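Here's the letter readout for the chains.
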Amino acid sequence: MNLDRSIVREICIVAIGETVLCALMVGVFALLGYYSPKVLYGALLGGGLSVANFAIMALSVCIASKRATDQDVKAGSATMRGSMALRYVLLLVILVFAAKSGRFHPISLLLPLIFVRPLISLGELFRKSGDKPT
């Protein structure tokens with residue numbers, strides 16, 4: 001599969017942004033006096049899951065759009081629906097097990113999932129006018 005440079009760029013923006021925002025989140029926990037290793041572990045797992053979820057979604061979009069351009073719109077649509085369902089179920093299972101394990105701070109585990117949408121919007125602001133959206 002040939003990945004478009006703009007897709008790789010979007011994944012890099014999300015990965016760098018997640019790293020920065022997770023570091024800021026851990027810093028805020030520390031400033032408020034709530035820091036523990038669980039906060040760091042939650043930030044690492046939550047940030048990693050967020051980036052992985054976004055990357056898998058981007059790859060699914062590539063596959064679905066290729067199928068749609070090959071005149072197989074139903075297969076492309078099914079790919080997107082299946083990918084979304086699988087990603088959400090897997091994410092839910094991992095997050096529930098991680099939270100139940102007691103090794104991760106629940107808030108620091110979930111907040112990185114919220115960071116992705118603002119990072120995508122921020123990436124849109126800095127996109128060059130000639131770049132095509134992903």
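In this text, all values refer to a predicted model and were calculated from it rather than measured experimentally. (Residues numbered from 1 in each chain as written. Predicted model: local features only at pLDDT ≥ 70, side-chain atom pairs only at ≥ 80, totals over all residues. Heavy atoms only, no water.)

(A) Region of the structure containing the overall build of the chain. For the chain, the count of helices and strands is four helices and zero strands. Listing each helix as α and each strand as β along the chain from the N terminus yields α-α-α-α. For the chain, the C-alpha atoms occupy an extent of roughly 55 × 35 × 20 Å along the three principal directions. Counting across all 134 residues of the chain, residues that qualify as buried make up 32%. Long-range pairs, those at least 24 residues apart, make up 74% of the contacts in the chain with a sequence separation of at least 6. Summed over its atoms, the accessible surface of the chain is roughly 8700 Å², and 71% of this surface lies on carbon and sulfur atoms. (Helix = DSSP H or I, 4+ residues; strand = E, 2+ residues; numbered from the N terminus. Buried < 20%, exposed > 50% of the residue type's maximum accessible area, 1.4 Å probe, protein only. Contact = heavy atoms within 4.5 Å. Areas by Shrake-Rupley, 256 points an atom, 1.4 Å probe, with all protein chains shown as cover.)

(B) Up close: the state of the cysteines. Overall, the coordinates contain zero disulfides when judged by the stated rule. There is no disulfide at Cys12, and the cysteine sulfur nearest it, in Cys62, is 14 Å away. The thiol sulfur of Cys22 is not disulfide-bonded, and the nearest other cysteine sulfur, from Cys12, lies at 16 Å. Exposure remark for Cys22: the relative accessible area of 8% places this residue in the buried category. (Disulfide = S-S within 2.5 Å.)

(C) Up close: the nonpolar core. Grouped together as the largest cluster of nonpolar side chains are ten residues: Ile7, Ile11, Val14, Val51, Phe54, Ala55, Ala58, Cys62, Val116 and Ile120. Going through the elements one at a time, helix H1 (5-31), helix H2 (37-69) and helix H4 (106-125) are the ones with two or more residues in this core. Among the elements that make up this core, the one with the highest residue count is H2 (five residues). Listed in part, the eight residues of the second largest apolar core include Met25, Val26, Phe29 and Leu119. (Core = buried A, V, L, I, M, F, W, Y, C linked by side-chain atoms within 4.5 Å.)

(D) View of the side chain of Glu18. Here Glu18 shows up in helix H1. As a buried residue without a salt bridge, Glu18 has its nearest oppositely charged side chain in Arg117, at a separation of 11 Å. Residues contacting Glu18, with those up to four places away along its chain left out, are Gly47, Ser50, Val51, Pro112, Phe115, Val116 and Leu119. (Lys, Arg positive; Asp, Glu negative; His and termini not counted. Salt bridge = Lys/Arg side-chain N within 4 Å of Asp/Glu carboxyl O.)

(E) Looking closely at the environment of Ser77. Relative to the helices and strands, Ser77 is located in helix H3 (residues 73-101). Among the polar contacts listed, one links the side chain of Ser77 to the side chain of Arg81, at a separation of 2.6 Å. (Polar contact = N/O pair within 3.5 Å; in protein donor to acceptor, adjacent residues only side chain to side chain.)

(F) Structural context of H4. Maximal helix bending in H4 amounts to about 25°, located at Val116; proline Pro118 follows within four positions. Every buried residue of H4 is accounted for by Ser108, Leu109, Pro112, Phe115, Val116, Leu119, Ile120 and Gly123. Contacts from the buried residues of H4 go to H1, H2 and H3. (Bend = angle between axes of the 7 residues up to and from the residue.)

Remember, this is a structural readout, not a statement about activity or role.
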